[in-house]
Amino acid sequence: MVSAVKAHELRNKNKAELIKVLEEQKQKLSEIRVQKVAGGRSQEIGEARKNVARVLTVINQTQREQLRLFYQKKKFTPLDLRVKKTRAMRRALTPFEKSKKTVRQQKKDAHFPLRKYAVKA
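Owing to the predicted nature of the structure, the values given are computational and were not obtained by experimental measurement. (Residues numbered from 1 in each chain as written. Predicted model: local features only at pLDDT ≥ 70, side-chain atom pairs only at ≥ 80, totals over all residues. Heavy atoms only, no water.)

**Observations concerning the nonpolar core**
- Formed by 14 residues in total, the largest nonpolar core has its most connected members in Leu10, Leu18, Leu22, Leu29, Ile32, Val55 and Ile59.
- Mapped onto this core, the elements with two or more residues apiece are α2 (15-38) and α3 (44-71).
- Among the elements that take part in this core, α3 stands out by supplying six residues, more than any other.
- Those residues in contact with Leu10 that lie beyond four places of it in its chain are Val5, Leu18, Val21, Arg54, Val55 and Val58. (Core = buried A, V, L, I, M, F, W, Y, C linked by side-chain atoms within 4.5 Å. Buried < 20%, exposed > 50% of the residue type's maximum accessible area, 1.4 Å probe, protein only. Helix = DSSP H or I, 4+ residues; strand = E, 2+ residues; numbered from the N terminus. Contact = heavy atoms within 4.5 Å.)

**Observations concerning the layout of surface pockets**
- The space that makes up the largest pocket amounts to roughly 200 Å³.
- Lining the largest pocket are Leu79, Arg82, Val83, Lys84, Lys85, Met89 and Arg90.
- Of the residues assigned to the lining of the largest pocket, the class counts are three nonpolar, no polar and four charged. (1 Å grid on protein atoms, 1.4 Å probe; cavity = no way out; pocket = protein on both sides within 12 Å on 5 of 7 lines; lining within 4 Å. Points joined across faces, edges and corners; volume = space filled by probe spheres on them. Nonpolar A, V, L, I, M, F, W, Y, C, P; charged D, E, K, R; others polar.)

**Re α3**
- Taking 1.5 Å as the rise per residue, α3 with 28 residues should run 40 Å; its terminal C-alpha atoms sit 41 Å apart, in good agreement.
- Residues of α3 that are buried make contact with α1 (7-10) and α2. (Expected span 1.5 Å × (residues − 1).)

Okay, structure coming up:
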């Protein structure tokens, strides 16, 4: 009987331990495949494959998390670590670019400010 590997337990382990767990799970999977050919325990193969997938997922997630921390203060980040959003949102003007005014608009604002009216109560 193959017991399910818990992802939250894997997250506490370091990379060397995770690779060791991965090798163990792959070994179990190959044993189950051999037993399946011999005739038996064919329903456990799904759980074993999922265990391997869970371990690989945790390894990849922790690796990406570490890379995000590494590139956090850098000027550029790799494309696969950037925020996806939508194509239009990625190409939209930044708040700084939106707030820029042309020289003509600056002159207009300086020479014709908003009028202030005193309203009698």
